[in-house]
Amino acid sequence: MASKNKTNKSVKKRIKVTGTGKLKYAKVGRRHLNAHMTTKRKRQLRTAGVIGDRPNVQKKYKIALGVL
């Protein structure tokens, strides 16, 4: 009897699938030690990162999320 794939919970907490199928994640480096960073750098880190143009990486994460 075939079993279902389990969702990787650590990936599920970090990555979300957008409506168009791209993967969205929060950028690293915003938790602490921000006093030395420029305002521009902190503002750029605030925007979400998107994995949109790398099909091999997208497929790997979507399998881990249980989407595929």
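Preceding this section is the structure that the text describes.
Description of the structure in this document. What you see is a predicted model; the values in this text were computed from it and never measured.

Rules of the game
- Residues numbered from 1 in each chain as written.
- Predicted model: local features only at pLDDT ≥ 70, side-chain atom pairs only at ≥ 80, totals over all residues.
- Heavy atoms only, no water.
- Core = buried A, V, L, I, M, F, W, Y, C linked by side-chain atoms within 4.5 Å.
- Buried < 20%, exposed > 50% of the residue type's maximum accessible area, 1.4 Å probe, protein only.
- Helix = DSSP H or I, 4+ residues; strand = E, 2+ residues; numbered from the N terminus.
- Contact = heavy atoms within 4.5 Å.
- Pairing = 2+ DSSP bridges.
- Axes fitted to C-alpha atoms, helices over the stretch in contact; angles between N-to-C directions.

## What to know about the nonpolar core
- Counting residues in hydrophobic clusters, the biggest one holds seven residues: Val11, Ile15, Leu23, Ile51, Val57, Ala64 and Leu65.
- The greatest single-element share of this core, amounting to three residues, is contributed by helix 3 (residues 55-65).
- Once you skip the residues sitting within four places of it in the chain, isoleucine 15 turns out to touch Leu23, Lys24, Tyr25, Tyr61 and Leu65.

## Some words on the sheet that holds strand 3 (residues 49-51)
- Strand order in the open sheet made by the three strands is 1-2-3, with antiparallel pairing throughout. Strand pairing shows two members of the sheet lacking a second neighbour, strand 1 (15-17) and strand 3, which therefore form its edges. On average, adjacent strands in this sheet sit at an angle of 30° to one another, irrespective of strand direction.
- With three bridges connecting them, strand 1 and strand 2 (residues 23-25) associate as antiparallel partners. Note that in strand 2 the partner of isoleucine 15 across the bridge is tyrosine 25.
- Contacts from helix 3 reach strand 1, strand 2 and strand 3 within the one sheet, and its direction differs from that of strand 2 by about 80°.

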